[in-house]
Amino acid sequence: MRTALRAPAATAAALLAVTALSPVAQARPEPKAPEEFVALRSVDPTIIQEMRYTTTHTFLGERVDGYRQPVCVLTRPAARALHLAQKRLSRQGYSLKVYDCYRPQRAVDHFVRWAKDLDDQSMKGEFYPRVDKGRLFEDGYIAEKSGHSRGSTVDLTLVRLPALPTRPYRPGERLAPCFAPKDVRFPDNSVDMGTGYDCFDTLSHTDDPRIQGLQRANRQLLKRTLTEVGFVNLPEEWWHFSFAPEPFPDTYFDFPVHRRSVAGH
């Protein structure tokens, strides 16, 4: 009888042990960045950071997967090049402001899922007013891989010093087209580049002939300064630059955007 009672008790104890240990046993540690990655702030704390994808003010209308903290992570050569550009610009009364830096593959996958959901067009009024969402892949606005995931690509703009704050986006607020005049579109403390960031429109092409005057001069200042320190501009996006040569030209990383990912680097 005692043996019969002990058997169910042992089975119950074993089940409890498995239940207690299973989350730990199944949990997978997050990948960390290679030593060649750093937090931009550790290289240049003066560069303004407005990490958009940690907020709901995105073309998705929600925070993007993989962005745990509003921190710019880049390969060390790219970060050092931005530091050189910042020194040159500060002497002219400007600061760089980064919107996005390293981007994990899981974030790119989030973009792809969103682009395939044609019913979700909550942010169309600001980010892609003149683009059919069904054409985002065909027109090149969304892709399954991004140079950002290799760690040497950055989205950025210029801010006139002293920098004024940018007010927080209020979910549900009335949207203005990203190509509207600067005093109409979402208020950003950057200089006038002719469109806002992440504007899915041909007006975002760096050398679009319709962009003239001060707007064109601002784009050219950004492009010229970054080109001089080793960056290459993506012609379709005035804000998009990649450092060359890239330390990881063929590797797409997926560690989260978090200070822990580059701790000790």
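Residues numbered from 1 in each chain as written. Predicted model: local features only at pLDDT ≥ 70, side-chain atom pairs only at ≥ 80, totals over all residues. Heavy atoms only, no water.

Draft legend 1. Region of interest: the packing of aromatic side chains. As enumerated under the stated definition, the model contains 22 aromatic pairs in all. Site record: aromatic cluster; members linked through ring pairs are Tyr53, Phe59, Tyr67, Tyr99, Phe111, Trp114, Tyr128, Tyr141, Tyr197, Phe200, Trp238 and Trp239. Between Arg130 and the ring centre of Phe179, over which it is positioned, the NZ or CZ distance is 3.9 Å. (Phe/Tyr/Trp six-rings, centres within 6.5 Å; stacked < 30°, edge-to-face > 60°. Lys NZ or Arg CZ within 6 Å of the ring centre and 35° of its normal.)

Draft legend 2. Region of interest: the packing of helix α3 (residues 76–90) against helix α6 (residues 213–228). Contact geometry of α3 with α6 gives a least axis separation of 9 Å together with a crossing angle of 130°. Between α3 and α6, the angle falls in the class oblique. In the packing of α3 onto α6, the handedness of the crossing is right-handed. Residues Leu82, Ala85, Arg88 and Leu89 of α3 lie in contact with α6, whose contacting residues are Leu221, Thr225, Leu226 and Glu228. Its residues placed into classes, the contact of α3 with α6 shows five nonpolar, one polar and two charged. (Axes fitted to C-alpha atoms, helices over the stretch in contact; angles between N-to-C directions. Helix = DSSP H or I, 4+ residues; strand = E, 2+ residues; numbered from the N terminus. Parallel < 35°, antiparallel > 145°, perpendicular 65-115°, else oblique. Left-handed = near helix turned anticlockwise from the far one by under 90°. Contact = heavy atoms within 4.5 Å. Nonpolar A, V, L, I, M, F, W, Y, C, P; charged D, E, K, R; others polar.)

Draft legend 3. The arrangement of the sheet that holds strand β7 (residues 240–243) in detail. Taken in spatial order, the five strands line up as β2-β4-β5-β7-β6 in an open sheet, and their pairing is mixed. In the strand order of this sheet, the two ends are held by β2 (48–49) and β6 (231–233), each with one partner. For strand β5 (residues 153–160) and β7, the ladder comprises three bridges, and the chain directions are antiparallel. Residue Thr153 lies in a different strand from β7, and its bridge partner there is Ser242. Along the sheet, α3 makes contact with β4 (94–100), β5, β6 and β7, crossing β4 at roughly 145°. Seen against the sheet, α6 touches β4, β5, β6 and β7 and runs at an angle of roughly 125° to β5. (Pairing = 2+ DSSP bridges.)

Draft legend 4. Fine view of the side chain of Gln105. Take Gln105: it is sitting in helix α4 (residues 105–116). Exposure remark for Gln105: the relative accessible area of 10% places this residue in the buried category. Sequence-distant contacts of Gln105, defined by excluding residues within four places in its chain, comprise Glu144, Lys145, Ser149, Tyr252, Phe253 and Asp254. (Buried < 20%, exposed > 50% of the residue type's maximum accessible area, 1.4 Å probe, protein only.)

Draft legend 5. Spotlight on the state of the cysteines. Under the defined criterion, the tally for this structure stands at two disulfides. At a sulfur-sulfur separation of 2.0 Å, the disulfide partner of Cys72 is Cys101. Judged by the sign of its S-S torsion, about -105°, the bond between Cys72 and Cys101 is left-handed. Placement of the pair is Cys72 in the loop between β2 and β3 (73–75) and Cys101 in the loop between β4 and α4, with a sequence separation of 29 residues. Neither Cys72 nor Cys101 differs from the other in exposure class; each is buried. Covalent S-S linkage joins Cys178 and Cys199, the inter-sulfur distance amounting to 2.0 Å. Between Cys178 and Cys199, the S-S torsion sits near 60°, and that sign places the bridge as right-handed. (Disulfide = S-S within 2.5 Å.)

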